[in-house]
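# Observations on chain architecture
The primary structure of each chain is shown beneath.
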Amino acid sequence: MRRKEIWQSAIVRTFSPKYLFSDLFQVSDFKRIYLFFLLLIQLVSFFFIFINGKIQFQFSPTIINNISLLAAITGVLSVVLVANGKITNYFWGIVESIAYIYVSFESHLYGEVYLNLFFILMDFIGIYQWTKTEKPQQEQSKKKVTARSMSIRGWFFLAITLVLSWWLLSLFLSRVPFITPQLDPHPYIDSMSTVLQVFAMILMAFRFGASQWLLWNISHIAELILWTVNFNPVMLALWIAFSINSIYGFYVWTFKLKDGAQERDAIV
């Protein structure tokens, strides 16, 4: 398949309303309950606010709360679909990133802003990569990807790169503001979550299964800490949902997506 044809197929498969909703509704009853549970967590968290040092339960439809909820809902849809190897996860991921950028900018968490700008770019790379590797004889509604594995040498270089990148980004965030004069209030934990997710996203785009989910899981801990100290209950709920889904995603990518192909690529 030529590059132009790949892109045409990728855009249709990722952004067409037909596939966006068929991928969501053509799931088992158990997965529907699972998706509903994750979405319910987001909706309930919308009613928690922090006033005078206390957490209260009330309706507060501010702009940042509404956009936080949009990011949370689309984020849940994205991670559930990526855990099932569905390419439409990228549409919901793009919407989530746009909303997340706004919330992060308002909270002065500039590492999160940079991260989601990067996510939008990687979403399109992932769309192309996933479409290029799909088998043409598969039905459109049942297309999935196969997972790859990482070698020991690959893990070693990845670990070194992660530590170096975290150190450099934390220095940058602690010294350089983003548009406004205010610095990032939590540069070290913000940079940790950012770096881990950047590399997890790269591994996801190139179909490295268990490897990407390990990085996602560690980054989720950092995100939970970040949105606790910079209190936003909707964002906290989103990362709780992401953490739950990571366990499921690790299982699917490690034990199921490799079943469709006997060979497993290894990074050098």
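Nothing here was measured: the structure is a model prediction, and the numbers come from that model. (Residues numbered from 1 in each chain as written. Predicted model: local features only at pLDDT ≥ 70, side-chain atom pairs only at ≥ 80, totals over all residues. Heavy atoms only, no water.)

### Considerations on the packing of helix α1 (residues 3–15) against helix α2 (residues 17–25)
- Interaxial distance between α1 and α2 falls to 5 Å at its minimum, and their mutual angle equals 55°. Between α1 and α2, the crossing angle belongs to the class labelled oblique. In this structure, α1 uses Val12, Arg13, Thr14 and Phe15 to contact α2, whose residues at the interface are Pro17, Tyr19, Leu20 and Asp23.
- Considered class by class, the residues forming the contact of α1 with α2 number 5 nonpolar, 1 polar and 2 charged. (Axes fitted to C-alpha atoms, helices over the stretch in contact; angles between N-to-C directions. Helix = DSSP H or I, 4+ residues; strand = E, 2+ residues; numbered from the N terminus. Parallel < 35°, antiparallel > 145°, perpendicular 65-115°, else oblique. Contact = heavy atoms within 4.5 Å. Nonpolar A, V, L, I, M, F, W, Y, C, P; charged D, E, K, R; others polar.)

### Digging into the packing of aromatic side chains
- Taken as a whole and judged by the stated rule, the model has 16 aromatic pairs.
- Aromatic pair Tyr90 and Trp130: ring centres 5.2 Å apart, planes at 80°, arrangement edge-to-face. Placement of Tyr90 in helix α5 (residues 89–106) and of Trp130 in helix α6 (residues 110–133) is noted, with a sequence separation of 40 residues between them. The same class applies to Tyr90 and to Trp130, which are both buried.
- Summarising the aromatic geometry, the rings of Tyr114 and Phe172 are spaced 6.0 Å apart at their centres and angled 55° between planes, so their arrangement reads as tilted. Placement of the pair is Tyr114 in helix α6 and Phe172 in helix α7 (residues 152–173), with a sequence separation of 58 residues.
- Pairwise contacts between aromatic rings join Phe105, Tyr110, Tyr114, Phe172 and Phe178 into one cluster. (Phe/Tyr/Trp six-rings, centres within 6.5 Å; stacked < 30°, edge-to-face > 60°. Buried < 20%, exposed > 50% of the residue type's maximum accessible area, 1.4 Å probe, protein only.)

### Digging into unusual backbone geometry
- Despite not being glycine, His108 shows a phi value in the positive range, around 60°.
- When you line up the elements, His108 lands in the loop between α5 and α6.
- Positive phi outside glycine occurs at Ile179, with the angle close to 65°.

### Topic: α1
- Between its first and last C-alpha, α1 extends 18 Å over 13 residues, near the 18 Å set by a 1.5 Å rise per residue.
- Among all positions in α1, only Ile6, Ser9, Ala10, Arg13 and Thr14 are buried. Down the axis of α1, the buried side of the element spans an arc of 115°, and every buried residue falls inside it. (Expected span 1.5 Å × (residues − 1). Arc of directions from axis to C-beta.)

### Some details on a nonpolar patch on the surface
- A contiguous nonpolar patch, built from Trp7, Ile11 and Phe124 and spanning about 240 Å² of accessible area, is present on the exposed surface.
- You can see Trp7 is positioned in helix α1. (Patch = residues over 30% accessible without salt bridge, like charges linked within 9 Å, V, L, I, M, F, W, Y side chains within 5 Å. Areas by Shrake-Rupley, 256 points an atom, 1.4 Å probe, with all protein chains shown as cover. Salt bridge = Lys/Arg side-chain N within 4 Å of Asp/Glu carboxyl O.)

### Description of the environment of Thr254
- Looking at the element boundaries, Thr254 is found in helix α10 (residues 233–256).
- In this structure Thr254 comes out as buried when scored by relative accessible area, which is 13%.
- The sequence separation of Thr254 and Phe208 amounts to 46 residues, and the corresponding C-alpha distance is 9.4 Å.

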